[in-house]
Amino acid sequence: MHFQCWYLPECEAQVAALQSRLAELNVTIQPVMTEKINAKFLRLNPEMALVLDQEGLSLSAQGMKMQPNWLAEIPRLKRATLKTEMLARACQCNEKPKLLDATAGLGHDTLLMARFGANVTLVERHPVLFALLEDNHRRAMQDTYLAPIVANIHLIHADSAQYLQHLQQQQTDFDVVYLDPMFPQRDQNQNAIKKQAQVKKQMQLLHMLLPEHGEMDLGDHLLELAKAITKKVIVKRPRHAVYLNNAAPQHQWLGDACRFDGYFNHQELH
Ligand SMILES: C[S@@+](CC[C@H](N)C(=O)[O-])C[C@H]1O[C@@H](n2cnc3c(N)ncnc32)[C@H](O)[C@@H]1O
């Protein structure tokens with residue numbers, strides 16, 4: 001995997017560190033310094049690239065820029081209650097579970113769950129997304145509100161199918177495994193999804209990075225693997241989507257645009 005990486009002169013010192021970290025993740029970059037990275041610059045350079053500026057590491061394409069940006073989530077985290085956050089209720093995050101988010105993406109769900117007290121291990125297999133998460137985690141650790149929350153988030157770069165098998169072999173259990181695999185954009189009920197422009201933009205870039213043909217799979221195989229290491233699997237789906245792995249859940253939490261399907265395993269593990 002190879003990317004051009006635009007960076008500002010003041011970020012010169014960080015480029016070398018980024019380059020070697022990405023090399024460990026099997027991503028090569030061609031760093032190119034530029035004086036300004038603004039909307040016009042991004043429009044004039046529409047091909048997919050990495051961007052390193054005063055806001056940290058981002059991905060850009062077609063005039064848009066995207067990064068996890070957990071700092072921007074602070075107002076929502078401050079407002080969040082168990083009543084307003086179905087995800088936190090479904091995963092019983094207030095009971096401070098040991099939780100595995102096996103499909104981390106931008107880590108927004110991870111962050112919310114950690115905010116309610118869950119101790120989260122996040123797993124992301126895409127090397128560029130993982131690098132974005134690492135950079136973002138580092139910046140979040142410097143914020144006084146976020147630091148104690150993100151200290152409870154541990155990042156693993158792996159394919160969850162392999163990671164879940166490894167956990168089973170090690171006889172390591174989690175209280176909850178959370179799955180939010182990609183869902184084909186074309187199959188989402190657009191009328192039901194009235195997302196903010198910012199969220200739509202992030203999803204668009206995420207779908208460009210993770211093509212639906214080729215390397216992307218829809219994660220059906222993760223359900224059984226998850227069940228082997230936990231008594232509780234929570235799966236996020238678009239509200240009208242088919243079940244993951246065609247398996248009917250034992251319980252559902254329904255929202256306007258999405259739902260959470262709960263699978264409970266009452267057998268002894270290991
Ligand atoms: C829909 S996104 C998750 C969004 C996330 N819940 C959030 O709040 O940002 C799905 C992510 O899961 C990752 N993924 C899918 N299958 C995976 C696997 N087997 N192992 C690790 N990551 C996986 C994809 O790379 C993608 O980043």
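Keep in mind that this is a model prediction, so the values were computed, not measured.

Cut-offs used in this document
- Residues numbered from 1 in each chain as written.
- Predicted model: local features only at pLDDT ≥ 70, side-chain atom pairs only at ≥ 80, totals over all residues.
- Heavy atoms only, no water.
- Helix = DSSP H or I, 4+ residues; strand = E, 2+ residues; numbered from the N terminus.
- Contact = heavy atoms within 4.5 Å.
- Near = heavy atom within 4 Å.
- Polar contact = N/O pair within 3.5 Å; in protein donor to acceptor, adjacent residues only side chain to side chain.
- Areas by Shrake-Rupley, 256 points an atom, 1.4 Å probe, with all protein chains shown as cover.
- Nonpolar A, V, L, I, M, F, W, Y, C, P; charged D, E, K, R; others polar.
- Domains from an automatic or database assignment.
- Buried area = accessible area lost by both parts, 1.4 Å probe.
- Salt bridge = Lys/Arg side-chain N within 4 Å of Asp/Glu carboxyl O.
- Buried < 20%, exposed > 50% of the residue type's maximum accessible area, 1.4 Å probe, protein only.

K.L.:
How should the side chain of Glu 73 be read in this particular structure?
P.N.:
Note that Glu 73 resides in the loop between strand 5 (64–66) and helix 3 (74–79). Leaving out residues up to four positions away in the same chain, Glu 73 has contacts with His 108 and Leu 111.

K.L.:
Help me out: how do you make sense of the site of the ligand in this one?
P.N.:
Surrounding the ligand, one finds 18 residues, the nearest of these being Leu 106, Asp 109, Glu 124, Ser 160 and Asp 180. At 3.3 Å from an oxygen atom of the ligand is found a main-chain nitrogen or oxygen belonging to His 108. Burial of the ligand by the protein chains amounts to 94% of its free accessible area of 610 Å². For the shell around the ligand, the residue count by class is 8 nonpolar, 5 polar and 5 charged.

K.L.:
Please clarify how the environment of Lys 231 should be interpreted in this entry.
P.N.:
The residue Lys 231 is located in the loop between helix 10 (222–227) and strand 10 (232–238) in this model. Sequence-wise, Lys 231 and Asp 173 are 58 residues apart; in three dimensions their C-alpha atoms are separated by 8.8 Å.

K.L.:
Help me out: how do you make sense of the domain arrangement of the protein in this one?
P.N.:
Bring the parts together and some accessible area is lost; that lost area is often taken as the interface size. Assigned domains within the protein: domain 1 (2–66) and domain 2 (70–264). Its C-alpha centre places domain 1 at a distance of 26 Å from the equivalent point of domain 2. Facing 17 residues of domain 1, the contacting portion of domain 2 comprises 17 residues. For the pairing of domain 1 and domain 2, the buried interface totals around 1600 Å² over both sides, and the portion due to carbon and sulfur atoms is 78%. Notably, a salt bridge pairs Arg 21 with Glu 134, separated by 2.7 Å at the nearest N-O pair.

K.L.:
I would appreciate a short explanation of the pattern of salt bridges in the present structure.
P.N.:
Where charged atoms of side chains with opposite charge meet at close range, the side chains can pair. The full count for this structure, using the stated rule, is 12 salt bridges. Note that Asp 159 and Arg 125 form a salt bridge whose closest N and O atoms lie 3.4 Å from each other. Pair noted here: Asp 159 is in the loop between strand 8 (153–157) and helix 8 (160–169) and Arg 125 is in the loop between strand 7 (119–124) and helix 6 (127–140), with a separation of 34 residues, a long-range link. Look at Asp 159 and you get partly exposed, because its relative accessible area is 22%. For Arg 125, a relative accessible area of 35% puts it in the partly exposed group. Among the charged side chains, a salt-bridge network with shared partners connects Arg 21, Glu 24 and Glu 134.

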